[in-house]
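Chain and residue survey
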Amino acid sequence: MTSTVVDQGARLNGAGDSPPMTRLTVEYWTVDMEGQSSCGSCDVTLTALQEAVATIRPVADRIGLAVDVVPRTVTTWSEAVENAIVASPTIRAGGAELRPAHLDGSEERVWQWRGQQAGEAPAEALLDFLVQAVGVRSRAIGDYLAAGGPAPYLRRFLREAPAPDAPTMTAGSCSSDAC
């Protein structure tokens, strides 16, 4: 299969009908609990997060951001320390984190948002978190493109999107032996 190399200079400098699509990755971290990568409370939170993403997605799409929820599971003490996981679930995007507190070492989750406490992640807290993450990512992409993006030399080699048969990578994963 052949792929076409496209000069993205015009699009990277703001020309074209729409902004170039970039990703906002929303990491959804849980802890493996005796072979279970989730629990009822985490499932409720994930469903609420997916609903919040569905609400935000049309706005994100309009400004060139594809929002993806990426599940992550921690199984060892080392992984928890390496990824700074304090509670389950933990949601991260745009350099921010949303997570409950586990009071008194119990499995009970207490979510705090705007001075309120709840046993489940408030839908408004998830929306607020995502709106902020979309804003942070949009500003970062805007700053990157305003500074020129990839050098003109590199633009000659960049494709519009990865080739269909090319492996894709997400944060924390590697799909080749070279990693």
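As a starting point, this report considers the structure included with it. Only a predicted model underlies this, so the values are computations on that prediction, with no experimental measurement involved.

1. Observations regarding the environment of Pro71
Topologically, Pro71 is positioned in strand 2 (residues 65-74). When its relative accessible area of 62% is taken as the criterion, Pro71 is described as exposed. On a C-alpha basis, the gap between Pro71 and Leu46 in space is 9.3 Å, while along the polypeptide they are 25 residues apart.

2. Side note on the packing of helix 2 (residues 40-62) against helix 4 (residues 123-146)
Contact geometry for helix 2 and helix 4: axes closest at 9 Å, N-to-C directions at 45°. Judged by the inter-axis angle, helix 2 sits oblique to helix 4. Considering the relative orientation of helix 2 and helix 4, their crossing is right-handed. Packed against helix 2, whose contacting residues are Thr45, Ala48, Leu49, Ala52, Val53, Thr55, Ile56 and Ala60, the element helix 4 presents Leu126, Leu127, Leu130, Val131 and Val134 at the interface.

3. Description of the side chain of Arg109
By the secondary structure assignment, Arg109 is in strand 6 (residues 109-113). Here Arg109 is buried and forms no salt bridge, its nearest opposite-charge partner Glu107 lying at an N-O distance of 5.1 Å. Among the polar contacts made by the side chain of Arg109, one reaches the main-chain carbonyl oxygen of Ser88 at a distance of 2.7 Å. Only 2.8 Å separates the side chain of Arg109 from the backbone oxygen of Glu107, close enough to count as a polar contact. Discounting residues that sit within four places of it in the chain, Arg109 has contacts with Met33, Cys39, Ser41, Cys42, Ser88, Pro89, Pro100, Ala101, His102, Ala118 and Gly119.

4. Things to note about helix 4
At 3.6 residues per turn, the α-helix brings residues three or four places apart onto the same side. For helix 4, built from 24 residues, the straight-helix expectation of 34 Å at 1.5 Å per residue is met to within 8% by its first-to-last C-alpha distance of 34 Å. Listed as buried for helix 4 are Ala125, Leu126, Phe129, Leu130, Ala133, Val134, Gly135, Ile141 and Leu145. Gly148, located one to two residues past helix 4, shows a positive phi value of around 115°.

5. Some points on the pairing of strand 1 (residues 22-31)
The buried fraction of strand 1 is high, at seven of 10 residues. Pairing between strand 1 and strand 2: 10 bridges, direction parallel. Its bridge partner lying in strand 2, Glu27 is registered against Val70. Looking at chain direction, strand 1 and strand 3 (residues 90-93) are connected through three bridges and run antiparallel. Across the sheet, the residue bridging to Tyr28 is Ile91, located in strand 3.

6. Quick look at unusual backbone geometry
The residue after Ser88, namely Pro89, is reached through a cis peptide bond having omega 0°. In this structure, Pro89 sits in the loop between helix 3 (77-82) and strand 3. Positive phi outside glycine occurs at Arg114, with the angle close to 50°. Residue placement: Arg114 occurs in the loop between strand 6 and strand 7 (116-118).

7. Thoughts on the sheet that holds strand 2
Ordered in space as 2-1-3-4, the four strands form an open sheet in which the pairing is mixed. Strands with a single pairing partner mark the edges of an open sheet, and in this sheet they are strand 2 and strand 4 (96-98). Within this sheet the neighbouring strands show an average axis-to-axis angle of 20°, counted without direction. Against the sheet, helix 2 touches strand 1, strand 2 and strand 3, its axis set at about 160° to strand 2. Along the sheet, helix 4 contacts strand 1, strand 2, strand 3 and strand 4; its crossing angle with strand 1, the most-contacted strand, is approximately 140°.

Basis of the calculations
- Residues numbered from 1 in each chain as written.
- Predicted model: local features only at pLDDT ≥ 70, side-chain atom pairs only at ≥ 80, totals over all residues.
- Heavy atoms only, no water.
- Helix = DSSP H or I, 4+ residues; strand = E, 2+ residues; numbered from the N terminus.
- Buried < 20%, exposed > 50% of the residue type's maximum accessible area, 1.4 Å probe, protein only.
- Axes fitted to C-alpha atoms, helices over the stretch in contact; angles between N-to-C directions.
- Parallel < 35°, antiparallel > 145°, perpendicular 65-115°, else oblique.
- Left-handed = near helix turned anticlockwise from the far one by under 90°.
- Contact = heavy atoms within 4.5 Å.
- Lys, Arg positive; Asp, Glu negative; His and termini not counted.
- Salt bridge = Lys/Arg side-chain N within 4 Å of Asp/Glu carboxyl O.
- Polar contact = N/O pair within 3.5 Å; in protein donor to acceptor, adjacent residues only side chain to side chain.
- Expected span 1.5 Å × (residues − 1).
- Pairing = 2+ DSSP bridges.

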